[in-house]
Amino acid sequence: MKIKQNHRKTAIAATLIVLLILMAGCGGRKSSVVKKTGGGQVVIDSWDRDVLIPENVEKVACLYAFTGHVTTLLGRGEDIVAVVPGLKRDRKLNELNPHLQNAEVCSLDGVINIEELLKTAPDLVFLKGETAMMDSEVEKLERFGLPYVVIEYNSMKEQMEAVEIMAAVLGREEKGREYVSFYEDVINKGRKLTKDIGKEERIRVYHSVNEAVRTDAPDTLPAEWLEVCGVENVSVGEDLRFKDNKYFASLEQIYLWDPEVIICNEAGVPGYMMSNEKWAGLQAVRSGKVHQIPIGISRWGHPGGMETPLAILWTIGALYPDLKEKADLRGAMDEFYSRFFGFTPDEKTVTSILDGSGMRLPKS
């Protein structure tokens, strides 16, 4: 469920919202951006807020790593002037968009350095939902009249909508639609490939997100895309510890689940599990089925990654070898990276992405 807050609205914006509702009632998805007089435009963000932004957005602050990946995908990477530290750690992203090295780091753990941000003079700020929930941080932006667009999602549909919102803001609607079309095609393909896998045949998987014991809960993006892969996600529906908007399992719980396969989206975690005696008794560890999820522009399948479609095809092929050829991950990689980032990965690059090691710089 989307988080909503009360926001001050001008009379003009309220009128526009009414028009949007009427349009939605006619059967179409409401428009992300509506032109208005006075040289501006109104964008409807992930919280359904109406935000007045300049008609021509020239400089953007990406204070959510996902938005930096997507801004680059949409062909506006050179217009990023402010970032979070994680964006400078993605090696392939920075290779493709070296301009990121000149962008100022203006936010750490959701806390905005407003002085540094103001120096970059952004036309708007892309903000993560967690940060937008912090009154102290929102007040900083509002005090200096910096419009902020909240980008948040908990499902594949919402992730696609988030990209469409950004595409509308940045004047790249067609590219946004291309991404959504690719994503939808992969979902349909994945469901078709796995539809005949019976409940008893589904591989029991534990998904490690960043930390070894951080995992998936219901109504989260990873839980949904893994469902498309025809697996049983052992943590979904179980009693997890919730902290800082993240879900954690205990090692004792993981032993009770005793998954057949473990997949991890953080480099180094598989090695930790395979070498740490505390994890040695799990059948996935004993059989050597602890896999690193690929890392390309972002970490595939990560809650904040945008290569979710590729994660689906990789997982199907990795867990169900008889479906690997039909999943055709290599073909999808070639299409995805050539269409959205302007390069076709050679064998060395494919190997690096699939291996995942060395694709992200360590935290400094």
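Residues numbered from 1 in each chain as written. Predicted model: local features only at pLDDT ≥ 70, side-chain atom pairs only at ≥ 80, totals over all residues. Heavy atoms only, no water.

### Focus on the overall build of the protein
This is how it is decided: Counting from the N terminus, the helices are the DSSP runs of H or I reaching at least four residues and the strands are the DSSP runs of E reaching at least two. Three exposure classes are used, based on accessible area relative to the maximum for each residue type with a 1.4 Å probe and protein chains only: buried under 20%, partly exposed in between, and exposed over 50%. By the convention used here, residues are in contact when the closest approach between their heavy atoms is within 4.5 Å. To measure how exposed things are, a 1.4 Å probe is used in the Shrake-Rupley method; for residues, cover is taken only from the protein chains shown.
On a plain count of helices and strands, the protein comes out with 16 helices and 16 strands. Across the 364 residues that make up the protein, the buried fraction comes to 53%. In the protein, 62% of the contacts between residues at least 6 apart in sequence involve partners at least 24 apart. Taken as a whole, the protein presents about 16,900 Å² of accessible surface, with 50% of it coming from carbon and sulfur.

### Quick look at the environment of K59
Mapped onto the fold, K59 is located in the loop between β3 (50–54) and β4 (60–63). According to the relative accessible area criterion, K59 is partly exposed, its value standing at 32%. Note: C-alpha distance between K59 and A121 (62 residues apart in sequence) is 7.5 Å. Setting aside its immediate chain neighbours within four residues, K59 contacts D79, V81, T120, A121, P122, D123 and L124.

### Things to note about the pairing of strand β11 (residues 204–208)
Taken residue by residue, a regular strand's side chains alternate between the two faces of the sheet. Convention followed: At least two DSSP bridges between two strands are needed for those strands to be called paired. Looking down the strands as they point away from the viewer, one classifies a crossover as right-handed if the path from the first strand across the helix to the second runs clockwise.
Most of β11 sits inside the fold, with 4 of its 5 residues counted as buried. Relative to strand β12 (residues 232–233), β11 runs parallel, the two being bridged by 2 bridges. When the bridges of β12 are listed, V205 appears paired with N233. Where the polypeptide runs from β11 across helix α9 (residues 221–228) and back to β12, its parallel neighbour, the crossover connection is right-handed. Examined bridge by bridge, β11 and strand β15 (residues 261–264) share 4 bridges and lie parallel to one another. Each bridged residue has a counterpart across the sheet, and for Y206 the counterpart in β15 is I262.

### A short note on helix α2 (residues 65–73)
Side chains three or four residues apart in an α-helix point the same way, a direct result of the helix having 3.6 residues per turn. Taken across its 9 residues, α2 has 8 buried, putting it largely inside the fold. All of the buried residues along α2 are F66, T67, G68, H69, V70, T71, T72 and L73. With its phi angle positive at about 80 degrees, G75 sits one or two positions after the end of α2.

### What to know about the sheet that holds β11
Backbone-to-backbone hydrogen bonds pair the strands of a sheet. The strands run either parallel or antiparallel. The following threshold applies: Geometry is summarised by axes, namely lines fitted to C-alpha atoms with helices restricted to the contacting stretch, and by angles between N-to-C directions that run from 0 to 180 degrees.
A sheet is described by the order of its strands in space; here 4 strands give the open sequence β12-β11-β15-β16, paired in parallel fashion. The open sheet has two free edges, formed respectively by β12 and β16 (290–292), since each of these has just one partner strand. The sheet contacts of α9 involve β11, β12 and β15, and relative to β11 the element is tilted by about 150 degrees.

### As for helix α13 (residues 308–319)
Cut-off, in case you're wondering: Here the expected length of a helix is defined as 1.5 Å per residue gap, with one fewer gap than residues.
With 12 residues, α13 ought to run about 16 Å at 1.5 Å a step, and its terminal C-alpha atoms sit 16 Å apart, in line with that. Along α13, 11 of the 12 residues are buried, which leaves the element largely enclosed by surrounding structure. Taken together, the buried positions of α13 are occupied by T308, P309, L310, A311, I312, L313, W314, T315, I316, G317 and L319.

### A closer look at the packing of aromatic side chains
As a reminder, the rule being used: The rule is short: rings of Phe, Tyr and Trp, with Trp giving its six-membered ring, pair when the centres are within 6.5 Å, and they are stacked under 30 degrees, edge-to-face over 60, tilted in between. Two conditions define a charge sitting above a ring: the NZ of Lys or the CZ of Arg must be within 6 Å of the ring centre, and it must be within 35 degrees of the ring normal.
Scanning the entire structure with this criterion turns up 14 aromatic pairs. Summarising the aromatic geometry, the rings of F182 and F336 are spaced 5.4 Å apart at their centres and angled 55 degrees between planes, so their arrangement reads as tilted. Of this pair, F182 sits in helix α8 (residues 173–194) while F336 sits in helix α15 (residues 329–341); the two residues are 154 residues apart in sequence, bridging distant segments of the chain. As far as the burial class goes, F182 and F336 line up, both buried. Taken together through their ring pairs, the aromatic side chains of Y179, F182, Y183, F336, Y337, F340, F341 and F343 make up a single cluster. Just above the ring of Y148 sits the side chain of R49; from NZ or CZ to the centre is 4.1 Å. Lying across the ring of F343, K92 places its NZ or CZ 4.6 Å from the centre.

### Quick notes on the confidence of the model for the protein
Our working rule: On a range of 0 to 100, pLDDT expresses the predictor's confidence in each residue.
Mean pLDDT over the protein: 91, with 90% of residues reaching 70 or higher. Note that residues 1–29 has pLDDT below 50 and, in this model, 33 contacts with residues that lie over four places away or in other chains.

### Observations concerning the sheet that holds strand β9 (residues 124–128)
Read from one edge to the other, the open sheet built from 5 strands follows the order β6-β5-β4-β9-β10, with strand pairing classed as parallel. Only two strands of the sheet have a single neighbouring strand rather than two, namely β6 (104–105) and β10 (148–151). Note: strand β5 (residues 80–83) against β6, 2 bridges, orientation parallel. Along β6, the bridge assignment pairs V83 with V105. Packed on one face of the sheet, helix α7 (residues 156–169) meets β9 and β10 and runs near 155 degrees to β10.

### So, the pairing of strand β2 (residues 40–44)
Counting buried positions over the 5 residues of β2 gives 5, a clear majority of the element. Covered by surrounding structure in β2 are G40, V42 and I44 together with Q41 and V43, the residues of both alternating faces. Across 5 bridges, β2 lies against β3 in antiparallel orientation. Bridged to I44 within β3 is D50. The loop that links β2 with its antiparallel partner β3 comprises 5 residues; one of these, D48, has a positive phi angle of about 65 degrees.

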